[in-house]
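Each chain, written out:
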Amino acid sequence: MAPKKRVAKRTYNSYFAKILKASKPDLGLRSKSLYVLNALVEDLETRLTEQASKVAKLDKKSTLSSAHVQCAARMLIPGTLGDQAVAKGYAAVKKLKEL
């Protein structure tokens, strides 16, 4: 019997480090804070995916579109923060389409 392969767990640690270094180069993050940030991002990603899927089903579509994700973000993230998230996401998608 062959040994089990280890499945790599996806983390966002490198992204957190890059963002922090860009804004506050003299600060660092402890491993416990990275764990909490990772859990937060994974939870938000799961919620957005589930909500966007529900919106797509209500729209009678089998494929998620950016409009479904934007709608889910507005529903899950309150107030101005949700509007900013949608605006940043739209800008990122537009930038990728230009490449």
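Now for a quick tour of the structure.

What counts, and at which threshold
Residues numbered from 1 in each chain as written. Predicted model: local features only at pLDDT ≥ 70, side-chain atom pairs only at ≥ 80, totals over all residues. Heavy atoms only, no water. Helix = DSSP H or I, 4+ residues; strand = E, 2+ residues; numbered from the N terminus. Rg over C-alpha atoms; globule rule 2.2 N^0.38 Å. Buried < 20%, exposed > 50% of the residue type's maximum accessible area, 1.4 Å probe, protein only. Core = buried A, V, L, I, M, F, W, Y, C linked by side-chain atoms within 4.5 Å. Contact = heavy atoms within 4.5 Å. Phe/Tyr/Trp six-rings, centres within 6.5 Å; stacked < 30°, edge-to-face > 60°.

It is worth spelling out the overall build of the chain at this point. Check the secondary structure of the chain and you find four helices and zero strands. Taken from N to C terminus, the helices and strands of the chain fall in the order α-α-α-α. Since a compact globule built from 99 residues should have a radius of gyration of about 13 Å, the 17 Å found for the chain marks it as more spread out than a globular shape. Taken along its principal axes, the extent of the C-alpha atoms in the chain is 50 × 40 × 30 Å. Evaluated residue by residue, the chain yields a buried proportion of 16% over its 99 residues.

Counting six residues, the largest nonpolar core consists of Leu 48, Ala 52, Ala 72, Ala 73, Ile 77 and Val 86. Looking at this core, the elements with two or more residues in it are helix 2 (31-58) and helix 3 (66-76). Sequence-distant contacts of Leu 48, that is, excluding residues within four places in its chain, are made with Ala 72, Ala 73 and Leu 76.

Taken as a whole, this structure holds one aromatic pair when the rule is applied. Note on Tyr 12 and Tyr 15: the rings are 6.3 Å apart at their centroids and 45 degrees apart in plane angle, and the pair reads as tilted.

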